[in-house]
Amino acid sequence: MVCTARDRAGARYKLKENIEQFFTKFVEEGKATVRLKEPAVDVCLSKANASNLKSFLAAVRLAHRGTDVEALPLSVLVPAKTSEVEKPKTKMIIMSRRDYPLTKNFPYSLEHLQASYCKLARVDMRMLCLKKLRTLDLSHNHIKKLPETIGDLVSLQELNLHNNHLESFCVALCNSMLQKSLQFLDLSQNKIKALPVQFCQLQELIHLKLDDNELIRLPFKMGQLSQLRFLSAARNKLPFLPSDFRNLSLEKLDLFGNPFEQPNPLVPSIQLKIPLTLLESAARATVNYRIPYGCHLLPSHLWEDLELAKTCQCGSACLSCFIQTTVTMNLHHVAHTVVLVDNMGDDLFLPEGGS
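This is a predicted model, so every value here is computed, not measured. (Residues numbered from 1 in each chain as written. Predicted model: local features only at pLDDT ≥ 70, side-chain atom pairs only at ≥ 80, totals over all residues. Heavy atoms only, no water.)

Caption draft 1: Inspection of the nonpolar core at higher detail. Counting 61 residues, the largest nonpolar core has L113, M127, F169, L231, F245 and L331 as the members making the most contacts within it. At the level of secondary structure, the elements contributing two or more residues to this core comprise β6 (91–94), β7 (112–115), α2 (171–174), β13 (250–254) and β18 (335–339). With residues up to four places along the chain from it excluded, the contact list for L231 reads L208, L210, M222, F245, L248, L250, K252, L253 and D254. Grouped together as the second largest cluster of nonpolar side chains are 13 residues, I19, A32, L36 and V43 included. (Core = buried A, V, L, I, M, F, W, Y, C linked by side-chain atoms within 4.5 Å. Buried < 20%, exposed > 50% of the residue type's maximum accessible area, 1.4 Å probe, protein only. Helix = DSSP H or I, 4+ residues; strand = E, 2+ residues; numbered from the N terminus. Contact = heavy atoms within 4.5 Å.)

Put into structure tokens, the structure is as follows:
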């Protein structure tokens, strides 16, 4: 065992067959790190006498191999002063490529990591081992695609990807553990054209920034983001908003600089003139009558179709056969503060349904 506390009553770690790696590049300066397997922590040693540190590390190596404690070359330990005990590092900010660690791992204790202006073309896989990470800021890089394993960061609350080269947000992330943790997401100033319908499964989101992308639509189930309070999607290519948008309850909404269409009200007498397919009829009945379904009862493609069913203004479900139109909506019913292209407080939304 090794004790890391001054009074020996603090953290104690098993050494036998429990050391993953030694970091001794700066041992001559009295610094070293011992990485343990279980728990996954780094024991950082600093301000030590180089000779004594080497002896200590040699003893730790022997303990790792199972050498009897009586045979270990240990000297009498002098209790460390409080000022000499290095606390686990919880925050790291890197603002240039020159300062980016290429050979050294990130401390496992990190809770906040910012790596901006580092010219990263992809997310560093070493970051995905930081299970305590709550804030990850990778803004101002060259990232084109997000790895699915970001969803394994179970504590992640804030993800900042502002000013990268992203073209999409993958479905796997929407189905990941981020559903329960992610509260802040900044995807602004990328090249995203659309978000998947499953994006609305990130139901803990409070703050969402989508400005300066190439969005031509928002997910039609946007209203399911019940915790969302701040939404900005300025300077995109949105011609309308989904009808479900009216279910949001926002504090601030910014839609400035989008080419919204003029309203095109539905003629009361218009009806679909084509017969509904068997698939459409069955899907509508399943949703409308709340018949239980799931991936264990239906083939995956049918289950996914049902999950993507739209809701008409009349309350009925529809799958792929519907008439689409645009009408006006007062967005001050959705948000306390609204930033629009005019001062009318009205914008466009899209009700979708079938006859």
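Caption draft 2: Here's a closer look at the environment of F169. Relative to the helices and strands, F169 resides in the loop between β9 (158–160) and α2. With a relative accessible area of 3%, F169 lands in the buried category. Excluding residues that lie within four positions of it along the chain, F169 makes contacts with L146, C174, L185, L187, L195, P196, F199 and L202.

Caption draft 3: How the structure looks around the pairing of β6. Burial along β6 is one-sided: M92 and I94 are buried, while K91 and I93, pointing the other way, are not. For β6 and β7, the ladder comprises four bridges, and the chain directions are parallel. Within the sheet, the bridge partner assigned to I93 lies in β7 and is Q114. (Pairing = 2+ DSSP bridges.)

Caption draft 4: Structural detail: the confidence of the model for the protein. Looking at the protein, pLDDT values average 82 and 76% of them are 70 or higher. Every residue in residues 343–355 scores below 50 in pLDDT, and together they form 71 contacts with partners more than four places removed in sequence or on other chains. (pLDDT = per-residue confidence, 0-100.)

Caption draft 5: Fine view of helix α1 (residues 50–64). Between its first and last C-alpha atoms α1 spans 21 Å; for 15 residues at 1.5 Å apiece the expected length is 21 Å, and the two agree. Regarding α1, the residues found buried are A50, L53, L57, A59, V60 and A63. Contacts from the buried residues of α1 go to β3 (19–23), β4 (32–36) and β5 (42–45). The backbone nitrogen of S51 lies 3.0 Å from a side-chain oxygen of the residue at the head of α1, namely N49. Where α1 terminates, the next one or two residues include G66, which has phi positive at roughly 95 degrees. (Expected span 1.5 Å × (residues − 1). Polar contact = N/O pair within 3.5 Å; in protein donor to acceptor, adjacent residues only side chain to side chain.)

Caption draft 6: Spotlight on the pattern of salt bridges. Tallying each qualifying case throughout the model produces seven salt bridges. In this structure, the salt-bridge partner of D99 is R98, at a minimum N-O distance of 3.8 Å. What makes D99 partly exposed here is its relative accessible area of 48%. The exposure class assigned to R98 is exposed, which follows from its relative accessible area of 75%. (Salt bridge = Lys/Arg side-chain N within 4 Å of Asp/Glu carboxyl O.)

Caption draft 7: Representation of the pairing of β5. Pairing geometry for β4 and β5, over four bridges, is antiparallel. From the neighbouring strand, T33 faces β5, where its bridge partner is C44. Joining the antiparallel neighbours β4 and β5 is a turn of five residues.

Caption draft 8: Representation of the sheet that holds β5 within the structure. The strand order β3-β4-β5 describes an open sheet built from three strands, whose pairing is antiparallel. Either end of the sheet is taken by a strand with one partner, and the two such strands are β3 and β5. Each strand of the sheet is rotated relative to its neighbour by a mean of 15 degrees, with strand direction disregarded. The sheet strands contacting α1 are β3, β4 and β5, and the helix crosses β3 at an angle near 160 degrees. (Axes fitted to C-alpha atoms, helices over the stretch in contact; angles between N-to-C directions.)

Caption draft 9: Region of interest: the side chain of T33. Considering the arrangement of structural elements, one finds T33 in strand β4. Beyond its immediate chain neighbours, meaning those up to four positions away, T33 contacts Q21, F22, F23, D42, V43 and C44.

Caption draft 10: Structural context of the environment of F260. When you line up the elements, F260 lands in the loop between β13 and α4 (278–288). The exposure class of F260 is buried, given its relative accessible area of 15%. For the pair F260 and P239, spaced 21 residues apart in sequence, the C-alpha separation works out to 4.1 Å.

Caption draft 11: Layout of the sheet that holds strand β8 (residues 135–137). What the nine strands build is an open sheet, ordered β6-β7-β8-β9-β10-β11-β12-β13-β18; its pairing is parallel. Strands with a single pairing partner mark the edges of an open sheet, and in this sheet they are β6 and β18. Strand-to-strand twist of the sheet, defined as the mean angle between neighbouring strand axes without regard to direction, takes the value 5 degrees. Of the strand pairs in this sheet, β13 and β18 are connected by four bridges, and their pairing is parallel. Its bridge partner being in β18, D254 is matched across the sheet by V339.

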